[in-house]
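# Residue-level structure breakdown
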Amino acid sequence: MGVWSACTVLLIPLLCGLSHGSPDLGLDISIEFVTSNNPNIQSAAGMVSFTTSDLQGAIGGYQLAKLNGATNLIVSGEALISLVGNITVNVNDVLRNISFVSSNRQTAPSCMFGSMNATMDRAFASLDQASTLIKSIQTSTSSQNTGALTSWVMMIQTSMTDISNYLDQLYKGVAAVLASGQPLTQSTIQANINQAVLLNLAGAISVVTTAEKGLTTTVRSIRSSFEQSGNILNTYSNDLNNALNSVNNTQRDYYNQVVGRISSYQGKISWEFGWGVTDIKNTLSRVNSFVFDQDTSKAAQQLNISIGVTNAAIQSNSVIIQSSMMSQMTQIFTGAESFIQTNVKALVPVFDKSLFSLAATMSGGGAFASNCNSKYGGAITNLENNMRDGLQKCFNDYANTGYTDSFVSEYNMVIREQTRTISNRINFCLNLGSNTSPKVIKLGIAACLSETIALSDALMKDVSIQSKLVVAMINLESLATVQRVESCAAILNHGLVAKAAKLDQLLATCQTTNQ
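Figured I'd write up the structure that's included with this text. (Residues numbered from 1 in each chain as written. Predicted model: local features only at pLDDT ≥ 70, side-chain atom pairs only at ≥ 80, totals over all residues. Heavy atoms only, no water.)

## Considering the overall build of the protein
In plain terms, the rule: Only runs of H or I of at least four residues qualify as helices and only runs of E of at least two qualify as strands under DSSP, and these elements are numbered from the N terminus. Throughout, radius of gyration means the C-alpha value; the globule benchmark is 2.2 Å times the number of residues raised to the power 0.38. Any residue under 20% of the maximum accessible area for its type is buried, any over 50% is exposed, and the rest in between are partly exposed; the area is computed with a 1.4 Å probe on protein chains only. Residues count as neighbours in contact if any of their non-hydrogen atoms are within 4.5 Å of one another. Here, Shrake-Rupley sampling with a 1.4 Å probe gives the accessible areas, and only protein chains in the shown set may cover a residue. By the counting rule applied here, Lys and Arg register as positive and Asp and Glu as negative, while His and the ends of each chain are not counted. The atoms used to mark charge sites are NZ of Lys, CZ of Arg, CG of Asp and CD of Glu.
Across its full length, the protein holds 15 helices and zero strands. In terms of overall dimensions, the protein is more spread out than a globule: its C-alpha atoms have a radius of gyration of 47 Å, far above the 24 Å expected for 515 residues. In the protein, which comprises 515 residues, the share counted as buried stands at 46%. Taking all contacts inside the protein whose residues are at least 6 apart in sequence as the whole, residues at least 24 apart take part in 84%. As displayed, the protein offers around 23100 Å² of accessible surface, 55% of which is attributable to carbon and sulfur atoms. When the 30 positive and 32 negative side-chain charges of the protein are each reduced to one mean point, those points stand 10 Å apart.

This is the structure in structure tokens:
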């Protein structure tokens with residue numbers, strides 16, 4: 001194209017002064033093999049509108065994947081779009097200009113030819129970028145597709161070099177025609193413009209449009225594979241997010257179960273302990289009637305003190321056991337949640353690997369890709385749902401806090417019986433007589449009340465032991481609950497890892513054997 005620039009500098013003052021239009025190459029004459037006969041330049045260049053439309057259609061509406069996967073699918077898609085755009089815009093601008101120059105009346109030929117310099121420079125700049133773009137596409141497609149892209153682009157680049165050379169020669173011929181000063185006749189044209197140049201230029205243009213037709217087929221194939229791969233990745237991303245949300249919801253439901261269980265247990269314990277305290281307190285009014293009697297005063301006063309100590313001990317044990325249960329059962333949730341989340345974090349990269357391999361299989365677009373996807377794609381894309389269902393089962397089957405119901409119920413029964421025994425014993429003693437009974441009876445009442453104090457002390461020690469025992473049992477059951485969940489999740493983890501590895505192996509084998 002350097003010749004065009006030099007000729008333009010020399011001839012523009014002369015040629016741009018011509019006011020009449022020219023139908024062929026800026027010359028006021030119809031030239032054979034430019035707009036007439038077959039092949040001709042105008043017809044060959046005119047095909048660019050069809051090849052441009054087809055090539056744009058091959059990539060039009062293509063939506064980039066949301067995830068790169070293992071092959072940089074987003075980057076590859078962007079490169080494919082850029083490659084097509086460079087050719088349909090910059091490369092094909094040269095052919096559009098040739099088509100226009102070949103037949104339209106315009107200004108002088110030097111002006112017309114000179115305007116193609118910048119167009120040709122942009123075309124070669126775009127073609128120089130093609131190898132880099134193809135390398136980006138290559139990461140997500142097959143070597144066969146990469147080879148086809150490279151071949152079509154090289155064919156276009158070689159033909160564009162030929163077009164540039166022929167245009168230089170053609171411009172020299174046109175300039176020679178004008179410089180000769182001879183009338184514009186066919187003999188003048190044939191004497192200065194080599195017909196072989198016209199034929200070769202038409203042929204080189206046809207090679208470009210033919211290569212673009214082949215490129216269109218390859219681009220459609222790559223686009224289809226990229227879209228299938230992108231759909232797999234997008235679906236996986238959505239399903240994985242849904243699965244993780246479902247696991248989190250299960251954990252939240254379990255947390256609510258734990259909180260509800262704690263509240264229920266605390267309510268039951270408060271109720272039973274409260275009634276025990278009330279039963280014993282209800283005896284105080286009757287005990288007080290013996291406080292001012294000489295024969296029963298000492299025993300009655302000591303019993304009053306004992307009742308206060310007993311009630312305080314009951315309430316203290318109630319607070320201790322409620323606090324211990326809250327702490328320990330909260331740890332059940334914390335321990336189970338931590339292990340479940342650890343499993344999830346360990347499994348997601350395994351699923352990623354399998355799904356990315358499947359996506360790479362589809363983006364590569366091998367001969368067996370569709371069949372392999374039909375055979376194993378469903379199992380691979382369902383791995384995250386297997387995890388979700390398995391972890392939910394671990395929670396539902398092995399983390400049920402209802403296992404501790406019997407401990408609390410039996411403990412409440414023991415406490416109720418102990419406090420009832422104390423109140424019944426006090427009422428028994430008081431029912432032996434009154435402060436107006438004979439001395440011997442009142443002394444018997446005093447002795448009975450003293451023995452009740454000793455009984456109450458013994459029973460409160462038993463309540464303390466029972467409280468520690470039920471806390472220990474809840475602690476052990478909590479530990480067992482966490483261990484059950486951990487074991488269930490660990491088994492699930494190993495199973496899914498093994499399943500993913502086997503599916504990876506089957507998928508890899510299928511790509512070469514179709515089995």
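## A few points about the state of the cysteines
To be explicit about the condition: Note on terminology: disulfide denotes any pair of cysteine sulfur atoms within 2.5 Å.
Overall, the coordinates contain three disulfides when judged by the stated rule. Two residues share a disulfide in this structure: Cys372 and Cys510, whose sulfurs sit 2.1 Å from each other. Measuring the twist about the S-S bond at about -100 degrees, one finds the Cys372-Cys510 disulfide to be left-handed. Residue Cys372 is found in helix α12 (residues 369-381), and its partner Cys510 is found in helix α15 (residues 439-513); the two are separated by 138 residues along the sequence. Comparing Cys372 with Cys510, the two get one shared label, buried. Note that Cys429 is cross-linked by a disulfide to Cys448, the S-S spacing being 1.8 Å. Residues Cys429 and Cys448 are joined through a disulfide that is left-handed, its torsion about the S-S bond being -70 degrees. One end of the pair, Cys429, is in helix α14 (residues 405-430); the other, Cys448, is in helix α15, with 19 residues separating them in the sequence. Cys448 shares its class with Cys429; the two are buried.

## Topic: the packing of helix α11 (residues 297-364) against helix α13 (residues 383-398)
Where we set the bar: Interaxial angles span 0 to 180 degrees and are taken between N-to-C directions of axes, which are lines fitted to C-alpha atoms, for helices over the stretch in contact. For classification, angles of less than 35 degrees are called roughly parallel, those exceeding 145 degrees roughly antiparallel, those between 65 and 115 degrees roughly perpendicular, and all remaining angles oblique. Take the far helix as your reference; a near helix turned counterclockwise from it by less than a right angle gives a left-handed crossing, and one turned clockwise gives a right-handed crossing. Here the term charged refers only to Asp, Glu, Lys and Arg, the term nonpolar to Ala, Val, Leu, Ile, Met, Phe, Trp, Tyr, Cys and Pro, and the term polar to all other amino acids, Gly among them.
Packing of α11 against α13 brings their axes to within 10 Å, and their N-to-C directions diverge by 165 degrees. In terms of orientation, α11 and α13 fall into the roughly antiparallel class. As for how α11 packs across α13, the hand of that crossing is right-handed. Where α11 approaches α13, its residues Ala336, Ile340, Val344, Leu347, Phe351 and Ser354 are matched on the opposing element by Leu383, Glu384, Met387, Leu391 and Phe395. For the contact of α11 with α13, the residue count by class is nine nonpolar, one polar and one charged.

## Re helix α4 (residues 73-103)
Basically, it comes down to this: For a helix, the expected span equals 1.5 Å multiplied by the number of residues minus one. One fitted axis covers the seven residues ending at a residue, a second covers the seven starting there, and the bend at that residue is the angle between these axes.
The end-to-end C-alpha separation of α4 is 44 Å, in line with the 45 Å expected for 31 residues at 1.5 Å each. Where α4 bends most, at Asn92, the angle is about 45 degrees.

## Quick word on the environment of Ile74
Examined against the element boundaries, Ile74 turns out to sit in helix α4. Spatially, the C-alpha atoms of Ile74 and Val309 are 76 Å apart, while their sequence positions differ by 235 residues. Here Ile74 is in contact with Leu64, Ala65, Lys66, Leu67 and Asn68, once residues within four sequence places are set aside.

## Digging into helix α9 (residues 195-281)
Let me state the cut-off plainly: N or O atoms within 3.5 Å of each other form a polar contact, as long as, within protein, one can give a hydrogen and the other can take it, and as long as residues adjacent in sequence are counted only when both atoms are side-chain atoms.
With 87 residues, α9 should cover 129 Å at 1.5 Å per step; its first-to-last C-alpha distance of 126 Å lies within 8% of that length. Measuring from the backbone nitrogen of Ala196 back to the side-chain oxygen at the start of α9 gives 2.9 Å, which picks out Asn194 as the cap.

## Considerations on unusual backbone geometry
Note that the residue after Asn38, namely Pro39, is joined by a cis bond; omega there is 5 degrees. Checked against the element boundaries, Pro39 lands in the loop between α1 (2-15) and α2 (41-46). Phi angles above zero are rare outside glycine, and Asn37 is one such case at about 65 degrees.

## Let's talk about the pattern of salt bridges
Opposite charge on two side chains permits pairing when their charged atoms draw close. Heads up, the condition is: Definition used for salt bridges: Asp or Glu carboxyl oxygen within 4 Å of a side-chain nitrogen of Lys or Arg.
Following the criterion strictly, the structure yields 11 salt bridges and no others. As a salt-bridge pair, Arg425 and Glu451 come within 2.8 Å of each other at their nearest N and O atoms. Of the two residues, Arg425 sits in helix α14 while Glu451 sits in helix α15, which places them 26 residues apart along the sequence. For Glu451, a relative accessible area of 47% translates into the label partly exposed. Each of Asp293, Asp295, Lys439 and Lys442 takes part in one network of salt bridges that share partners.

## Concerning the side chain of Asn90
Within the secondary structure, Asn90 is located in helix α4. At 2.6 Å, the side chain of Asn90 forms a polar contact with the side chain of Ser126.

## Notes on the side chain of Ser437
Tracing the chain through its elements places Ser437 in the loop between α14 and α15. Classification of Ser437 as buried rests on a relative accessible area of 12%. Polar contacts involving the side chain of Ser437 include one to the main-chain amide nitrogen of Ser434, which spans 2.7 Å.

None of the figures reported here should be taken as evidence of function without further support.
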